[in-house]
Amino acid sequence: MIQKIKLKRGLDIAINGKAAEVIGSNPQSEIFSVVPDHFAGITPKVVVKEGERVEAGSPVFYNKQCSEMQFVAPVSGEIIAVNRGERRKVLSIDIRADKEQVYKTFEKINLANASADNLKQALLESGLWWCVKQRPYDVIANPAIAPKKVFVSTFDTAPLAPNYEFVAQGKANYLQAAVKAFSIISGKDVEIGLRAGSTSTEFRMLQHAHFTEFEGAHPAGNVGVQIHHIDAVNKGEVVWTINLQDMLIIGKFLCEGIVDMTKVVALTGPEVHEPQYYRVKYGSTASNILRGNIHKEIALRLVCGNVLSGHQINEDEVLSPYTNQITVLEEGADTHELFGWIMPRFDKFSNSNTFLTKILRKVCPKMTFNFDARILGGQRAMIMSGEYEKVLPMDIYVEYLIKAMIAGNIDKMEALGAYEIAPEDVALCEFVCTSKLPLQAIVRKALDNMKSELE
Amino acid sequence: MKFLKDIVDKLKPTFSEGGKLSMFHSVFDGFETFLFVPNSTSKRIGTQIHDAIDSKRTMIMVVLALIPALLFGMYNVGYQHFLAIGQDASFWSTFFFGALAVLPYIVVAYVVGLGIEFTVAQIKGHEIAEGFLVTGILIPLIVPINTPLWMVAVATAFAVIFAKEVFGGTGYNIFNVALITRAFLFFAYPTAMSGDQVWVRTQGTWGWSNGHATVDTFTGATPLGQVGTATESTPLFTDILGNNIGFIDGFLGLIPGSVGETCTLAILLGGMLLMVTGISSWKITLSVFAGGALTALAFNLWGPETAIANLPWYNHLVLGGFAFGAVFMATDPVTAARTETGKWIYGFLIGVIAVVVRVLNPGYPEGMMLAILLMNIFACLIDYYVVQANIKRRLKRATK
């Protein structure tokens, strides 16, 4: 019997532009770039030179703090540039891709008798370790520390998030291999968070897994929320979290011995002509899948990720390897709304009852909105109380945690649950905040600060 | 709209850095954002879209919620005036007399308060916070109608500077700013704040309807004042003509008292708006009423044999500033308890203390102001224990 957890708090944001479940075709890039900055907390040591040839899966740099942790080329081809910035910081390594891709073949792993160390070693070498993230701090996992458990959420509840059931269709064997591998590494069944009511056999038939069902609005699909309810992170403990698509990449590596960093990315948002899915290999730019499919007449905001926890990108920017979704919406800087403080504003979404749309949405739940990127208010000191807690289904006093973070009080952060929190968990709090405080930035800074003080 | 936008755009350079009037940048920004929703967009990192609620809309909701009490208060000032001087007056004369009497207080409170607020924002280079929009309308509603304007000006200045700005401005204050204004008046100018001469305007307003109390039995004391100073133990109170009145008169509010506090019905109308929109916490309002009712009931049953202790519990809720405090003052999110559990405790204790002060302290017929200010101090402590319980839960989980 699978345990079912009902989460009452949360908020689903009704935004236009959900991706249709088809995979569109997009031209492949000629140039692929590996950007060390995509891998937070890493100091890169480059091992390739301009003009050198690499295979897909050959190392291009490793992490100076942990030399076993390699980062590999997503494609085979010729290194055409190692771009450096101030103080010789590595900005990107550009590769001109071959027409015919050659994959470096790794030794296939027999999961039946593989040891935890073997598997860890293989993942570090394959350049796929970045897939493994840890709590506390929400950073790439430290391979030297054994996790208490490994958590995977099989659904994403963020606005316009990709449907992982669609994304994982026909890839059950990859997923199973990855789950098995992590159950060996952690010595425990992998904790799988399921959407209550979903029937996908891909997820429910998994072995070496322990299931928990979650019901409720966003952020029910956030792995952090699920960890909190399944087996919360206490001081001194470490858990690992892996995104579902990253599990598929790892699974493919385990089954076939090749590194194929291709993901199915959802192109979503109100300013997309035909929101749908595309196959994107790490290292290519956003422009490949945007071409011809977005409204160009107005200023646009391109978001890598969802509108809550994603970040703004330029069209020619390389997508991060964690990208599962791109959202396109209006920038909105040239919109001037008169008397916003009193007008009914029927075109605006709000979690506040000061807007009639909150009530209208109850009558007509299918109502969706065209958001733009405006902040819609000035930044103030924290005034309203209880706003954050309403949208975060965790037993954490977010407001007090945030205040401790602003004050830099590490003892307080620890006591109030900072080990359990990642920036994405407070994204909804940031959305609803009347005082427009940059909560995710505050949390990120505080976690980095904590990590450097405590480690 | 285009026309307004053009004006703003034309003026902007003058007030921006390097412009002739750049020293009034914050003020200009205040007016610009008052006209147009700011068009600044999200940073590269962080939430890319935002809820349409902001602090302007929040504060305006409170101002809207205060309108019924304000309009009724204006009418009541006129009503009491004409009652006292023994003249019949039409509805509109009654209302306009009151409106003319109340308006100067609103103007004084806003001019003084916003003046300080603008100046401080300008000095600090901050945006202007909206908190005073609410405070400025609360102040006229909680003073007796005969308070000299200069006193209101002094008290407002004191409260805004020493109860708010020195703490860092809206959002950082410990005490409710409007109540500090009231407390300052109460302790600095006690004769202008209590007794039977301050609640009813018997003179004219701006030379209109000059007169004096012509009725022999005239008493200008509030019902609570009358009961508080009664020598017998039967809690009877009268209107200004000496006719006995009761609960329903207190509820409807055609009785002497501070401008906005008398009509419980109008207050509850505003309260509904605040609670439905979620701007104020229904938990606080409800628990203030519950705390007050239960305490008054306890005094009714077991209290001393004084008139005020015998005042039926339901009368406590509609007389004096109880309802006004419960709906508009106790719920100020900045100075109230901020945890949901804390809100129940905080509100309940306000109700309890307000009635205890009323009943047991012969010097103060009214206890709401002191109860809320006292609980403003304890709000942090209550929250501290609620949060501490969460911390303990977390520690316990770790050692399990």
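In what follows, the structure referred to is the one given above.
Report on the accompanying structure. The structure displayed is predicted, hence computed values, not measured ones. (Residues numbered from 1 in each chain as written. Chains lettered and ligands numbered in written order. Predicted model: local features only at pLDDT ≥ 70, side-chain atom pairs only at ≥ 80, totals over all residues. Heavy atoms only, no water.)

1. Focus: the overall build of chain A
Moving on, step 1. If you tally the helices and strands in chain A, you get 13 helices and 20 strands.
Moving on, step 2. For a compact globule of 455 residues, the expected C-alpha radius of gyration is about 23 Å, and chain A comes in at 22 Å, within 12% of that figure.
Moving on, step 3. If one aligns the C-alpha atoms of chain A with their principal axes, the spans along those axes are about 65 × 50 × 50 Å.
Moving on, step 4. When the 455 residues of chain A are sorted by exposure, 62% land in the buried category.
Moving on, step 5. Within chain A, residue pairs in contact and separated by at least 24 positions form 68% of the contacts whose partners lie at least 6 positions apart.
Moving on, step 6. Approximately 17900 Å² of chain A is accessible, and the part contributed by carbon and sulfur atoms is 49%.
Moving on, step 7. Across chain A, the centroid of the 50 positively charged side chains sits 2 Å from that of the 54 negatively charged ones. (Helix = DSSP H or I, 4+ residues; strand = E, 2+ residues; numbered from the N terminus. Rg over C-alpha atoms; globule rule 2.2 N^0.38 Å. Buried < 20%, exposed > 50% of the residue type's maximum accessible area, 1.4 Å probe, protein only. Contact = heavy atoms within 4.5 Å. Areas by Shrake-Rupley, 256 points an atom, 1.4 Å probe, with all protein chains shown as cover. Lys, Arg positive; Asp, Glu negative; His and termini not counted. Charge placed at Lys NZ, Arg CZ, Asp CG, Glu CD.)

2. Here we look at the pattern of salt bridges
Moving on, step 1. This structure, assessed with the given rule, holds 39 salt bridges over all chains.
Moving on, step 2. With a shortest N-O distance of 3.1 Å, Lys12(B) and Glu32(B) are connected by a salt bridge. Of this pair, Lys12(B) sits in helix 1 (residues 2-15) while Glu32(B) is found in helix 2 (residues 25-35), placing the two residues 20 residues apart along the sequence.
Moving on, step 3. In the salt-bridge network here, residues are joined through shared partners; they are Glu337(A), Arg345(A), Asp347(A), Lys348(A), Asp372(A) and Arg374(A). (Salt bridge = Lys/Arg side-chain N within 4 Å of Asp/Glu carboxyl O.)

3. With respect to the interface of chain B and chain A
Interface size, as often reported, equals the accessible area lost upon joining of the parts.
Moving on, step 1. The partner chain A presents 71 residues to the 60 residues of chain B that form the contact.
Moving on, step 2. Summing the contributions of chain B and of chain A, the shared interface buries around 6000 Å²; its carbon and sulfur component is 55%.
Moving on, step 3. There are seven salt bridges connecting chain B and chain A.
Moving on, step 4. In this structure, Glu127(B) and Arg380(A) form a salt bridge, with 3.0 Å as the shortest nitrogen-oxygen distance. (Buried area = accessible area lost by both parts, 1.4 Å probe.)

4. A word on the pairing of strand 17 (residues 276-281) of chain A
All names here are of chain A.
Moving on, step 1. With respect to burial, strand 17 is a largely interior element, five of its six residues being buried.
Moving on, step 2. Summarising the sheet, strand 16 (residues 262-268) and strand 17 pair through six bridges and their orientation is antiparallel. Opposite Val264, over in strand 17, you have Arg279 as the bridge partner. (Pairing = 2+ DSSP bridges.)

5. Here's the deal with the sheet that holds strand 17 of chain A
All names here are of chain A.
Moving on, step 1. One open sheet holds the six strands; their spatial order is 2-17-16-20-18-19, and the pairing between them is mixed. Among the strands making up the open sheet, the edge pair consists of strand 2 (20-24) and strand 19 (311-313). Averaged over neighbouring strand pairs, the angle between their axes works out to 35° when direction is ignored. (Axes fitted to C-alpha atoms, helices over the stretch in contact; angles between N-to-C directions.)

6. Some details on the environment of Thr43(A)
Residues and elements named next belong to chain A.
Moving on, step 1. Here Thr43 shows up in the loop between strand 3 (31-34) and strand 4 (44-46).
Moving on, step 2. Residue class for Thr43 comes out partly exposed when judged on its relative accessible area of 30%.
Moving on, step 3. A C-alpha to C-alpha distance of 9.3 Å links Thr43 and Lys89, two positions 46 residues apart in sequence.
Moving on, step 4. If sequence neighbours within four positions are ignored, Thr43 has contacts with Tyr62, Asn63, Lys64 and Gln65.

7. Quick notes on the environment of Leu447(A)
All names here are of chain A.
Moving on, step 1. Tracing the sequence through the fold places Leu447 in helix 13 (residues 439-454).
Moving on, step 2. Sequence separation between Leu447 and Leu437 is 10 residues, and the spatial gap between their C-alpha atoms is 17 Å.
Moving on, step 3. Among residues more than four places away in sequence, those in contact with Leu447 are Tyr137, Met405, Ala418, Ile421, Ala422 and Pro423.

8. Some details on the packing of aromatic side chains
Moving on, step 1. Throughout the structure, instances matching the rule amount to 43 aromatic pairs over all chains.
Moving on, step 2. A centroid spacing of 6.3 Å and a plane angle of 70° characterise the contact between Phe184(B) and Tyr189(B), whose relative ring orientation is edge-to-face.
Moving on, step 3. Classification of Phe184(B) by relative accessible area gives partly exposed; the value is 21%.
Moving on, step 4. Of the residues examined, Tyr189(B) reaches a relative accessible area of 18% and is grouped as buried.
Moving on, step 5. Each member of the aromatic cluster is reached from another via a ring pair, and the members are Phe39(A), Phe61(A), Phe71(A), Trp130(A), Tyr282(A) and Tyr322(A).
Moving on, step 6. In this structure, Lys133(A) packs its charged tip against the face of Tyr322(A), placed 4.8 Å from the ring centre. (Phe/Tyr/Trp six-rings, centres within 6.5 Å; stacked < 30°, edge-to-face > 60°. Lys NZ or Arg CZ within 6 Å of the ring centre and 35° of its normal.)

9. Observations regarding the side chain of Ser126(A)
Residue and element names in this part refer to chain A.
Moving on, step 1. Mapped onto the fold, Ser126 is located in helix 1 (residues 116-126).
Moving on, step 2. Of the residues examined, Ser126 reaches a relative accessible area of 0% and is grouped as buried.
Moving on, step 3. In this structure the side chain of Ser126 is engaged in a polar contact, spanning 2.8 Å, whose partner is the backbone oxygen of Leu123.
Moving on, step 4. Leaving out residues up to four positions away in the same chain, Ser126 has contacts with Val72, Phe106, Phe253 and Val259. (Polar contact = N/O pair within 3.5 Å; in protein donor to acceptor, adjacent residues only side chain to side chain.)

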